[in-house]
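If you want the building blocks of each chain, they are given just below.
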Amino acid sequence: MNLHSVSRMGMNRRHILRGLMATAAVVSLPPQSIAATSGTDQWRTITAKPGDARLLDAAQSVRTKIWGYDGSVPGPLLRYRQGDTVRVRLENQLPDPTSIHWHGVAIDNRMDGVVGLTQAAVGPGEQFDYEFTLPDPGTFWYHTHNQSWEQMARGLYGVLVVDERDAPAVDQDLLFVIDDWRLRQDGQIDTGSFGNMHDWAHAGRLGNWLTVNGADRPQISVKSGERIRLRLVNTANARIFRLDLRSPAHAASMIAVDGFPLALPQELQEAIELAPGQRVDVILDMTGDPGGRVAIRETSTGKPVDCAHFVYDKTGGKKPRTNRRIAALPTWGNHAPVDIAAAREIDLHMTGGAMGMMSGAMHRGRMMPMGDLVDARKVWAFNGVAGDLDRPLAQLRRNEHILINIKNDTRWPHAMHLHGHHFQVVRRNGTPVSGTPWRDTELVRPMEQVTLGLVADNPGKWLFHCHMLEHQAGGMKTWIDVRA
Ligand code: C2O
Ligand code: CU
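Residues numbered from 1 in each chain as written. Chains lettered and ligands numbered in written order. Predicted model: local features only at pLDDT ≥ 70, side-chain atom pairs only at ≥ 80, totals over all residues. Heavy atoms only, no water.

### Regarding the overall build of the chain
Inference 1: Looking only at helices and strands, the chain features five helices and 32 strands.
Inference 2: Taking 484 residues into account, the globule formula puts the C-alpha radius of gyration at 23 Å, and the chain, at 22 Å, falls close to it.
Inference 3: Within the span of the chain, comprising 484 residues, buried residues form 60% of the whole.
Inference 4: A sequence separation of at least 24 residues applies to 77% of the contacts in the chain between residues at least 6 apart.
Inference 5: In the form shown here, the chain has an accessible surface area of approximately 18700 Å², with 49% of it arising from carbon and sulfur atoms.
Inference 6: Charge-centre separation for the chain: the mean point of 54 positive side chains lies 4 Å from the mean point of 52 negative side chains. (Helix = DSSP H or I, 4+ residues; strand = E, 2+ residues; numbered from the N terminus. Rg over C-alpha atoms; globule rule 2.2 N^0.38 Å. Buried < 20%, exposed > 50% of the residue type's maximum accessible area, 1.4 Å probe, protein only. Contact = heavy atoms within 4.5 Å. Areas by Shrake-Rupley, 256 points an atom, 1.4 Å probe, with all protein chains shown as cover. Lys, Arg positive; Asp, Glu negative; His and termini not counted. Charge placed at Lys NZ, Arg CZ, Asp CG, Glu CD.)

Structure (structure tokens):
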């Protein structure tokens, strides 16, 4: 990725801050901390509406106009316990139709929020009631599923935490929601480049301004000796982040991916790669010096930038690492292993994009050459079909075991997300792999072949798409039909 970066993700920071320095002061913005649980059987209303956010600097006066749930970004943290019922009334006060999708939840299909597949769009002034139970604990998120490439870039997303019945004890449970925005020099969202075909045919809409929890480089207050659970969520349209959380000042272990518990906590050996839609939970044992600052670095562009800091309390002294063992999270317990030998194989061939070989594809029932596809804004295809949802990729019996052989014949990585289910990678480039965690979003690299195994245990129509949102809109979407 080539970012002509001046300081932060390619944006000329000095330019943007010119004239704003008068009001700039050091203000520590606490990370969004996981506080009181919202999990009750009460209905709660979430209003999708315009709002504004201090994306540039907590202290200065520029407020970026966003669209957000309850007008904020991220939207309100929704926190429940495993087995709880979510009752959310979406109220749409936006000028455009919208919806909410509950990313990663093995949900009741009618509540999946996919406009055009599972529900009609919720128009301006309208409401929609989402009611479903939460079978699995972990870190999930919610976002619009209508015109996502625009609506998510404007800020329509939030985090859904489902607590384990037997959650590990930590001193702080913190969100780390990372996004990149494409802002103009005046600090407003660059709406003029929505739909830019170059983005659609390349990596997607990459931003030039990075935020964590909707803020510029927040300071995360910590104490020496503390144990912290940090929940990383990538809400960007297209950016694959690499977060380097390693430091001599703390020990860090990964305990979950896409909400799913790892069998054994894994001490971090390298930066964490986080594709759009993916989540990772990390346990940190803090051992830094009182008053010290430790940066979390984002390294995906090759030019590391500090995207947040741990700031140690000045009092209390330096403490050694807690001697409590980092235990694995309680396993979900409801995933039957995939019977690889007996599973039905389904092929998914990805083509298109810049520098690809695609000469044409089916769209709206006819074969179109590339030129017509560009006019129709469909520049990617699955199995030679660009973005049509009239027929599913596969019709499945309930509880059928399947293998989806993804062959990426493009020059671009794609973060493939399947709704309503979890899968395991069972083969990579033809080689069997075992013991991989269950996920809902998997990064498939350029020219790579990845086989996902799953049991189609959730009836309904389930979207399967690239989570680079411009790729999704540009043709990379299909669905599976699981019969009741
Ligand atoms: Cu996170 Cu189909 O979406
Ligand atoms: Cu893609």
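### Thoughts on the nonpolar core
Inference 1: Grouped together as the largest cluster of nonpolar side chains are 69 residues, with contacts concentrated most on W102, F132, L160, I406, M416 and F464.
Inference 2: Among the elements that take part in this core, strand β30 (residues 449-456) stands out by supplying five residues, more than any other.
Inference 3: Those residues in contact with F132, other than ones at most four positions away along the chain, are D84, T85, V86, W102, V105, I107 and M111. (Core = buried A, V, L, I, M, F, W, Y, C linked by side-chain atoms within 4.5 Å.)

### A closer look at the coordination of the copper ion (ligand 2)
Inference 1: Only H414 (ND1), C466 (SG) and H471 (ND1) from the protein coordinate the copper ion (ligand 2), and they sit 2.0 to 2.1 Å from it.
Inference 2: Read from N- to C-terminus, the donor residues coordinating the copper ion (ligand 2) fall into the pattern H-x51-C-x4-H. Taken together, the residues H414 in strand β26 (residues 414-418) and H471 in helix α5 (residues 469-473) connect sequence positions 57 residues apart. As far as the burial class goes, H414 and H471 line up, both buried. (Donors = N, O, S within 2.8 Å, 3.2 Å for Na, K, Ca; no water.)

### Describing the sheet that holds strand β3 (residues 78-81)
Inference 1: Spatially, four strands are ordered β3-β8-β7-β5 in an open sheet, and the strand pairing comes out mixed. Lying at the two open borders of the sheet, with one neighbouring strand each, are β3 and β5 (101-103). Ignoring strand direction, the axes of neighbouring strands in this sheet form an average angle of 25 degrees. (Pairing = 2+ DSSP bridges. Axes fitted to C-alpha atoms, helices over the stretch in contact; angles between N-to-C directions.)

### Description of the sheet that holds strand β19 (residues 305-312)
Inference 1: The mixed open sheet is built from five strands, whose spatial order is β11-β19-β18-β13-β16. A strand with exactly one partner marks an edge of an open sheet, and here the two such strands are β11 (219-222) and β16 (272-274). Strand-to-strand twist in this sheet, taken as the mean axis angle between neighbours without regard to direction, amounts to 25 degrees.
Inference 2: Across four bridges, β11 lies against β19 in parallel orientation. Bridge pairing in β19 links S221 to V311.

### Quick word on the pattern of salt bridges
Side chains that differ in sign of charge can pair as their charged atoms come close.
Inference 1: Summed over the entire model, instances satisfying the criterion amount to 32 salt bridges.
Inference 2: R154 is the salt-bridge partner of E150, the closest N and O atoms lying 2.8 Å from each other.
Inference 3: A relative accessible area of 10% places E150 in the buried class.
Inference 4: Here R154 falls in the buried class, since its relative accessible area comes to 16%.
Inference 5: Between D281 and R231 there is a salt bridge, with its nearest N and O atoms 3.6 Å apart. Placement of the pair is D281 in strand β17 (residues 279-286) and R231 in strand β12 (residues 227-234), with a sequence separation of 50 residues. Each member of the pair, D281 as well as R231, is classed as buried.
Inference 6: Here the residues in one salt-bridge network are R79, D163, E164, D173, R229, R231 and D281, joined through shared partners. (Salt bridge = Lys/Arg side-chain N within 4 Å of Asp/Glu carboxyl O.)

### Quick look at unusual backbone geometry
Inference 1: The residue after V73, namely P74, is reached through a cis peptide bond having omega -10 degrees.
Inference 2: Phi is positive for R377, close to 60 degrees, though the residue is something other than glycine.
Inference 3: When you line up the elements, R377 lands in the loop between α4 (370-375) and β23 (380-382).
Inference 4: We note that N383 has phi near 50 degrees; this positive angle belongs to a residue other than glycine.
Inference 5: The topology assignment puts N383 in the loop between β23 and β24 (394-396).

### So, the domain arrangement of the chain
Inference 1: Its domain assignment divides the chain into domain 1 (13-312) and domain 2 (344-483).
Inference 2: Computed over C-alpha atoms, the centres of domain 1 and domain 2 are 25 Å apart.
Inference 3: Residue-level contacts link 42 residues of domain 1 with 37 residues of domain 2.
Inference 4: When the two sides are added together, the surface that domain 1 and domain 2 hide from each other amounts to roughly 3200 Å², 60% of it contributed by carbon and sulfur.
Inference 5: Inspection of the domain 1/domain 2 interface yields three salt bridges.
Inference 6: Residue assignment for the side of domain 1 that touches domain 2 shows that the elements contributing at least two residues are β5, β7 (138-143), α2 (148-151), α3 (197-201) and β15 (260-267).
Inference 7: When residues of the side of domain 1 that touches domain 2 are assigned to their parent elements, the largest contribution, four residues, is made by α3.
Inference 8: Among the residues making up the side of domain 1 that touches domain 2, the classes are represented as 19 nonpolar, 15 polar and eight charged. (Domains from an automatic or database assignment. Buried area = accessible area lost by both parts, 1.4 Å probe. Nonpolar A, V, L, I, M, F, W, Y, C, P; charged D, E, K, R; others polar.)

### Looking at the side chain of D481
Inference 1: Here D481 shows up in strand β32 (residues 477-482).
Inference 2: Comment: no salt bridge for buried D481; closest opposite-charge side chain is R483, at 5.3 Å.
Inference 3: Here the side chain of D481 touches Q395 through a polar contact of 3.1 Å, side chain to side chain.
Inference 4: Dropping the residues within four chain positions of it, D481 is found in contact with P392, A394, Q395, L396, G460 and K461. (Polar contact = N/O pair within 3.5 Å; in protein donor to acceptor, adjacent residues only side chain to side chain.)

### Here's the deal with the environment of M476
Inference 1: The topology assignment puts M476 in the loop between α5 and β32.
Inference 2: Taking C-alpha positions, M476 is 31 Å from A215, a pair spaced 261 residues apart along the chain.
Inference 3: The contact partners of M476, leaving out residues within four places of it in the chain, are M350, W380, F382, H414, F464, H465, C466 and H471.

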